[in-house]
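# Analysis of the macromolecular model
Below are the chains, spelled out letter by letter.
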Amino acid sequence: MTDHVTVDTAQGVLTITLARPEKMNAITNAMYSAMADAVAGAEGNSAVRVVLIRGEGATFTAGNDLGEFAAEASGETPPQARHVVRFLRALAGCSLPVVAAVNGRAVGVGTTMLLHCDLVLLAEDALLSTPFVNLALVPEAGSSLLLPARIGHVRAFQMFALGKPISAAQALAWGIANQVVPTAELHEEARQIAQALARQAAGSLMATKGLMRHAEATAAAQMEKETAQFTERLKSPEAREAFAAFAQKRAPDFSRLAR
């Protein structure tokens, strides 16, 4: 099940590509496992100096594969080890520079993972959203701590509570991204930037990143809290209603459920 994630190393850059365009690169548990292995493996690979994350096709990622969540929430499948946690820990702890190239929709984890990247390039058509509350869930990837710190409480609460997408221009102005480039030029621009980083003094870059990531321990602790609540929310009546509504292509009705 790693067909939907490709990993390639060239000129010091390890490129991880979400390769499930027919499903808008929605990330399955198996895909998270492959991505976690790739990021962790980069640490001990002397041929790798930079990690680049991108998506194939018109969408960076639609976020988690909700079919898997719905099956777990309904009891159709037993709870499984969620490799998303392993991937996010590997990404948050990665000592190498991480570059992200985002085009089209970046939903949920597609946005929150960017908070652990060092350089973020957005295509002009990029739309970032964090619709966790829409699905009766809670934020993850340490984003309940990192996003307010990055863009301010009111903006972060708006993104979490309403789930409405923000444009590439907004994300740039708010400090989520480094630059916005024409959609057709995104992947080439990202490749050139990643290769430029790979030509820098690797030890110096890693030491610089380590000095800048002083909040890492706090973010890791926040991830543990988020994961516990996220797992609990998956079992809730609200989540069952959200996923049923998603499958039935209707708006969820939470009004009949107790708080």
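Refer to the structure above for everything that follows.
All residue numbers refer to positions counted from 1 along the written sequence of the respective chain. The model is predicted, so local features are restricted to residues of pLDDT at least 70 and side-chain atom pairs to those at 80 or more, both for listing and for counting; the totals for chains, interfaces and linings are taken over all residues. To obtain the side-chain values, all non-hydrogen atoms of the structure were included, while hydrogens and water were left out.

### Concerning the pairing of strand 3 (residues 50-55)
- Each residue is placed in one exposure class: buried if its accessible area under a 1.4 Å probe, protein chains only, is under 20% of its type's maximum, exposed if it is over 50%, and partly exposed if it falls in between. The secondary structure listing takes helices from DSSP runs of H or I that are at least 4 residues long and strands from runs of E that are at least 2 residues long, numbered from the N terminus. By the criterion of burial, strand 3 is predominantly enclosed, with five of the six residues buried.
- Viewed along the sheet, the connection from strand 2 (residues 13-18) through helix 1 (residues 29-43) into strand 3 turns out right-handed.
- Pairing between strands is defined by DSSP: at least two bridges between them are needed. Here strand 3 runs beside strand 4 (residues 98-102); their pairing, made up of three bridges, is parallel. Directly across from Ile-53, in strand 4, lies its bridge partner Ala-100. By convention, orient the strands away from the viewer: a clockwise path from the first strand over the helix to the second makes the crossover right-handed.

### Section: the sheet that holds strand 8 (residues 166-167)
- Sheet architecture is open: three strands sit in the order 5-7-8, paired in mixed fashion. Looking at the sheet topology across the chains shown, the edges are occupied by strand 5 (105-107) and strand 8.
- Relative to strand 8, strand 7 (residues 127-129) is paired through two bridges, and the arrangement is antiparallel. Across the sheet, residue Leu-128 finds its bridge partner in strand 8, namely Ile-166.

### Structural notes on the packing of aromatic side chains
- Here a Phe, Tyr or Trp ring, Trp counted by its six-membered ring, pairs with any other such ring whose centre lies within 6.5 Å, and the pair is stacked when the planes are under 30 degrees apart, edge-to-face when over 60, and tilted otherwise. On inspection of all chains with the given rule, the structure shows two aromatic pairs.
- Geometrically, the ring pair formed by Tyr-32 and Phe-87 is tilted, given 6.0 Å between the ring centres and 40° between the ring planes. Linking Tyr-32 in helix 1 with Phe-87 in helix 3 (residues 83-92), this pair joins segments that are 55 residues apart in sequence.
- By relative accessible area, Tyr-32 is classed as buried at 2%.

### Considering the side chain of Glu-241
- Its place among the elements puts Glu-241 in helix 11 (residues 237-248).
- The buried category is assigned to Glu-241, whose relative accessible area is 6%.
- Apart from residues no more than four positions distant in its own chain, Glu-241 is found in contact with Arg-250, Pro-252, Asp-253, Phe-254, Arg-256 and Leu-257. In what follows, residue pairs with any heavy atoms lying within 4.5 Å of each other are defined as contacts.

### Some remarks on the sheet that holds strand 2
- An order of 1-2-3-4-6-9 is seen for the six strands of this open sheet, with the pairing classed as mixed. Of all the strands in the sheet, just strand 1 (5-10) and strand 9 (179-181) have a single pairing partner and so form its edges. Strand-to-strand twist across the sheet, computed as the mean angle between neighbouring axes with direction ignored, equals 20°.
- Direction of pairing for strand 4 relative to strand 6 (residues 119-123): parallel, over a ladder of four bridges. Opposite Val-99, over in strand 6, you have Leu-119 as the bridge partner. Here the axes come from fitting lines to C-alpha atoms, over the contacting stretch only for helices, and the angles between their N-to-C directions go from 0 to 180 degrees.

### Considering the nonpolar core
- In terms of nonpolar packing, the biggest core is built from 66 residues, with Val-51, Phe-87, Met-113, Leu-122 and Leu-128 touching the most fellow members.
- When neighbours within four sequence positions are excluded, Val-51 is seen to be in contact with Leu-14, Ile-16, Ala-42, Cys-94, Leu-96, Pro-97, Val-98 and Val-99.
- To qualify as a nonpolar core, a set must consist of buried Ala, Val, Leu, Ile, Met, Phe, Trp, Tyr and Cys residues joined through side-chain atoms within 4.5 Å. Val-13, Val-50, Ala-101 and Ala-123 belong to the second largest nonpolar core, which has 14 residues in total.

### Considering the packing of helix 1 against helix 3
- Their axes nearest at 8 Å, the elements helix 1 and helix 3 cross at an angle of 25°. As judged from the angle between their axes, helix 1 and helix 3 are roughly parallel. Crossing handedness for the pair helix 1 and helix 3: left-handed. Contacts between helix 1 and helix 3 pair Asn-29, Tyr-32, Ser-33, Met-35, Ala-36, Asp-37, Val-39 and Ala-40 from the former with His-83, Val-84, Arg-86, Phe-87, Ala-90 and Leu-91 from the latter.
- Classifying every residue of the contact of helix 1 with helix 3 gives nine nonpolar, three polar and two charged. In these notes the angle categories are as follows: under 35 degrees is roughly parallel, over 145 is roughly antiparallel, 65 to 115 is roughly perpendicular, and the rest is oblique. Note on convention: the crossing is left-handed when the near helix lies turned anticlockwise from the far helix by less than a right angle, right-handed when the turn is clockwise. Residues are grouped as follows: Ala, Val, Leu, Ile, Met, Phe, Trp, Tyr, Cys and Pro are nonpolar; Asp, Glu, Lys and Arg are charged; all remaining types, including Gly, are polar.

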